[in-house]
Amino acid sequence: AAVLSQALGVSPADLRFVMVDCKREALLPFTALPHTNTFTWRADEAAAVLAWADAEIQRRIDAGGQQSPRLVIVIDELRTAIASRQASAALDRIVSVGRGLGVHVLAATQHVDFAGAIRANFTARIVGPVVSGQAAAQASGMPGSGAQYLQGAGSFVMVAGGVADRFQGFYM
């Protein structure tokens, strides 16, 4: 739903998706979108894709504000995609510098045991049901988010700007 809502009514000339789906299942239907620039399902190719996006950020910096299409890097299972040191370093730079240059990251993971700039620079988080208050605080980045009380079946907590809001999601 997040991918489709971004593409709706926006020309592929103004928005490009780069997709990394190491499980080869969740993002496959989006390859048909004209906005999809790159799609990979191999973890070893994820490092090259992220290095390309990092180079794109440098190109945009060097271009000095020249108009470029918005680039959204969509990653399913972040932990697998950044398993290599090179992929992790590239993503670290992308999330640290990219937002201001029109390069954004939308990532999903079942494991939030990574730290540093990558974790700190995901300014909004959507969290599904978790097993404990500690897991809720770790996943949301905010103690007391309430994710441990979610019942499942589409229940989520979104944390942005230090505020936790509960909502009911849907499957598209």
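Note that this is a predicted model, so its numbers are computed, not measured.

Undergrad: Explain the overall build of the protein chain here, please?
TA: The secondary structure content of the protein chain amounts to six helices and seven strands. Helices (α) and strands (β) of the protein chain occur, in sequence order from the N terminus, as α-β-β-α-β-α-α-β-α-β-α-β-β. For 172 residues, the compact-globule estimate of 2.2 N^0.38 gives 16 Å, and the C-alpha radius of gyration of the protein chain, at 16 Å, lies within 12% of that figure. Counting only C-alpha atoms, the protein chain reaches 45 × 35 × 30 Å along its principal axes. Looking at the protein chain residue by residue over its 172 residues, the buried ones come to 37%. The long-range fraction of contacts in the protein chain, counting pairs at least 24 apart against all pairs at least 6 apart in sequence, stands at 52%. Of the roughly 9,300 Å² that the protein chain leaves accessible, carbon and sulfur atoms contribute 55%. If the 14 positive side-chain charges of the protein chain are averaged to one point and the 13 negative ones to another, these points end up 2 Å apart.

Undergrad: Sorry, what's going on with the packing of helix H2 (residues 43-63) against helix H4 (residues 85-97) here?
TA: How two helices sit against one another is set out by the angle between their axes and by the gap between those axes. One way to put it is that H2 packs onto H4 with a least axis distance of 8 Å and a crossing angle of 35°. Classified by chirality, the crossing of H4 by H2 is left-handed. Contacts between H2 and H4 involve Ala47, Leu50, Ala51, Ala53, Asp54, Ile57, Gln58 and Ile61 from the first element and Ala87, Ala90, Leu91, Arg93, Ile94 and Val97 from the second. Within the contact of H2 with H4, the residues separate by chemical class into 11 nonpolar, one polar and two charged.

Undergrad: What is the right way to look at the pattern of salt bridges in this model?
TA: Two side chains bearing opposite charge may form a pair once their charged atoms approach each other closely. In the structure shown here, the tally under the stated rule is five salt bridges. Here Glu45 makes a salt bridge to Arg42, at a shortest N to O gap of 3.3 Å. By relative accessible area, which is 39% here, Arg42 ends up partly exposed. The salt bridge involving Glu56 is made with Arg60; its shortest N-O contact spans 2.8 Å. Placement of the pair is Glu56 and Arg60 together in helix H2, with a separation of four residues, close to one helical turn. Residue Glu56 is classed as buried on the basis of its relative accessible area, which comes to 12%. Assessed through its relative accessible area of 6%, Arg60 is described here as buried.

Undergrad: What's the story with the sheet that holds strand E5 (residues 124-127) in this structure? I'm lost.
TA: In a beta sheet, neighbouring strands are held together by backbone hydrogen bonds and run either parallel or antiparallel to one another. In spatial order, the strands read E5-E6-E7; together these three strands make up an open sheet with antiparallel pairing. The sheet is open, and its two borders are formed by E5 and strand E7 (163-168), each paired with just one other strand. Across the sheet, the mean angle separating the axes of adjacent strands is 20° when strand polarity is ignored. Pairing geometry for E5 and strand E6 (residues 155-160), over four bridges, is antiparallel. Across the sheet, Arg125 pairs through a bridge with Val159, a residue of E6. Where helix H6 (residues 133-140) meets the sheet, its contacts fall on E5 and E6, and the angle it forms with E5 comes to roughly 145°.

Cut-offs used in this document
Residues numbered from 1 in each chain as written. Predicted model: local features only at pLDDT ≥ 70, side-chain atom pairs only at ≥ 80, totals over all residues. Heavy atoms only, no water. Helix = DSSP H or I, 4+ residues; strand = E, 2+ residues; numbered from the N terminus. Rg over C-alpha atoms; globule rule 2.2 N^0.38 Å. Buried < 20%, exposed > 50% of the residue type's maximum accessible area, 1.4 Å probe, protein only. Contact = heavy atoms within 4.5 Å. Areas by Shrake-Rupley, 256 points an atom, 1.4 Å probe, with all protein chains shown as cover. Lys, Arg positive; Asp, Glu negative; His and termini not counted. Charge placed at Lys NZ, Arg CZ, Asp CG, Glu CD. Axes fitted to C-alpha atoms, helices over the stretch in contact; angles between N-to-C directions. Left-handed = near helix turned anticlockwise from the far one by under 90°. Nonpolar A, V, L, I, M, F, W, Y, C, P; charged D, E, K, R; others polar. Salt bridge = Lys/Arg side-chain N within 4 Å of Asp/Glu carboxyl O. Pairing = 2+ DSSP bridges.

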